[in-house]
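Coordinate inspection notes
This is what each chain is made of:
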Amino acid sequence: MASDNVFVEHCKGINGLDKVILRETRGYSAEVYLFGGQVTSWKNEHREELLFLSTKAIFQPPKAIRGGIPICFPQFGNMDSLEQHGFARNRLWSVDPDPPPCSSHASSRASVDLILRNSEEELKIWPHRFEFRLRVALSPAGDLMLTSRIRNTGTDGKPFRFTFAYHTYFSVSDISEVRVEGLETLDYLDNLQNRKRFTEQGDAITFESEVDKIYLSTPTKIAILDHERKRTFELRKDGLPDAVVWNPWDKKAKAMADFGDEEYKHMLCVEAACVENPITLKPSEEWRGRQEILVVPSSYCSGHLDPRRVTFTG
Ligand code: BG6
């Protein structure tokens, strides 16, 4: 059950919404709202925010929170008949009183287990019974780890299908100075061109206009290099073959009520996802999808196996 200690604090956040603060001894911290099961903050030992959260984010259910790590489930985008990005990001999750053991997070003292089940109301729009367990944890070094376990708990003998994404908003100094490595030469579906398929050209991904692409069959590691801050995010993923890259740029930024006009310059979404081939779960089957993000204070290129060993250049 929920209990407070030096690593985990249950408290109230904006507008009295329940949140959980995770803290690690090295000084890293993270905040998770039960609304949306959403990470809204991840800070390093200098208390610098590593995730982007809009100054205009509306913490008012059922409007999803703009920033952090929204969970897109059971539908990514508007690819099917549900609301955009599914309903998980605008439902109230509970603290899981009986989480199953999670071997990959065994060393984390700063962790919280959340659970989402469908309500009778939801069954009308998505008639499949499920249990979605989300563990958010900080490693002793401060890495932010999210593990999702989704189980088909239906008794009707029917499978269900879903798509999924960890819609991570990274905080960056200046989008025009940012480079993404690990996606070059891959095929992608361009959301700005009716999801037409293209092949990425060039050495690395840089940004000078709106981008909304679903990269397919991506590697398990993607790097986001922020030259100005001399900081690199590394995203590691498992069970999530695709990666969505999104920046709304100026025009779309202005059209969003919960996003500042100039904020597109300071964010980039790189989303570990499973979109192209939906996951099918038979009754009592479980799917697992993991994401780990870490930050290294250096220039980094994907050729290096261990970014922590790269010399600090700043
Ligand atoms: C991205 C999608 O994942 O999320 C974009 O690829 C979408 O098409 C963006 O615009 C933001 O979505 P929303 O629903 O949070 O405004």
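Residues numbered from 1 in each chain as written. Predicted model: local features only at pLDDT ≥ 70, side-chain atom pairs only at ≥ 80, totals over all residues. Heavy atoms only, no water.

1. Quick look at the pairing of strand 8 (residues 130-138)
Within strand 8, nine of the nine residues are buried, which leaves it mostly tucked inside the rest of the structure. Residues F130, F132, L134, V136 and L138 of strand 8 are buried on one face, and the alternating residues E131, R133, R135 and A137, pointing to the opposite face, are buried as well. Direction of pairing for strand 7 (residues 110-117) relative to strand 8: antiparallel, over a ladder of eight bridges. Bridge pairing in strand 8 links D113 to R135. The pairing of strand 8 with strand 9 (residues 144-152) spans nine bridges and is antiparallel. Across the sheet, residue A137 finds its bridge partner in strand 9, namely M145. In this structure, the hairpin formed by strand 8 and strand 9 is closed by a connection of five residues, where G142 is found at a positive phi of approximately 105 degrees. (Buried < 20%, exposed > 50% of the residue type's maximum accessible area, 1.4 Å probe, protein only. Helix = DSSP H or I, 4+ residues; strand = E, 2+ residues; numbered from the N terminus. Pairing = 2+ DSSP bridges.)

2. So, the site of the ligand
Lining the immediate environment of the ligand, one finds R66, F76, Q84, H85, R89, H167, N191, D212, V244, W246 and E271. In this structure, an oxygen atom belonging to the ligand sits 3.4 Å away from a side-chain N or O atom of N191. If the ligand stood free it would expose 390 Å²; the protein chains cover 82% of that surface. The pocket occupied by the ligand, as judged from atoms lying within 2 Å of grid points, is the largest pocket. A class-by-class count of the residues in the shell around the ligand yields three nonpolar, four polar and four charged. (Near = heavy atom within 4 Å. Polar contact = N/O pair within 3.5 Å; in protein donor to acceptor, adjacent residues only side chain to side chain. Areas by Shrake-Rupley, 256 points an atom, 1.4 Å probe, with all protein chains shown as cover. 1 Å grid on protein atoms, 1.4 Å probe; cavity = no way out; pocket = protein on both sides within 12 Å on 5 of 7 lines; lining within 4 Å. Sits in = over half its atoms within 2 Å of the grid points. Nonpolar A, V, L, I, M, F, W, Y, C, P; charged D, E, K, R; others polar.)

3. With respect to the sheet that holds strand 1 (residues 8-12)
Taken in spatial order, the four strands of this open sheet run 1-2-3-4, and their pairing is antiparallel. Edge positions in the open sheet fall to strand 1 and strand 4 (38-43), since each of these has one partner strand only. Along the sheet, successive strands turn relative to each other by an average axial angle of 20 degrees, direction set aside. The pairing of strand 1 with strand 2 (residues 18-23) spans five bridges and is antiparallel. Looking at strand 2, one finds that V8 is bridged to L22. (Axes fitted to C-alpha atoms, helices over the stretch in contact; angles between N-to-C directions.)

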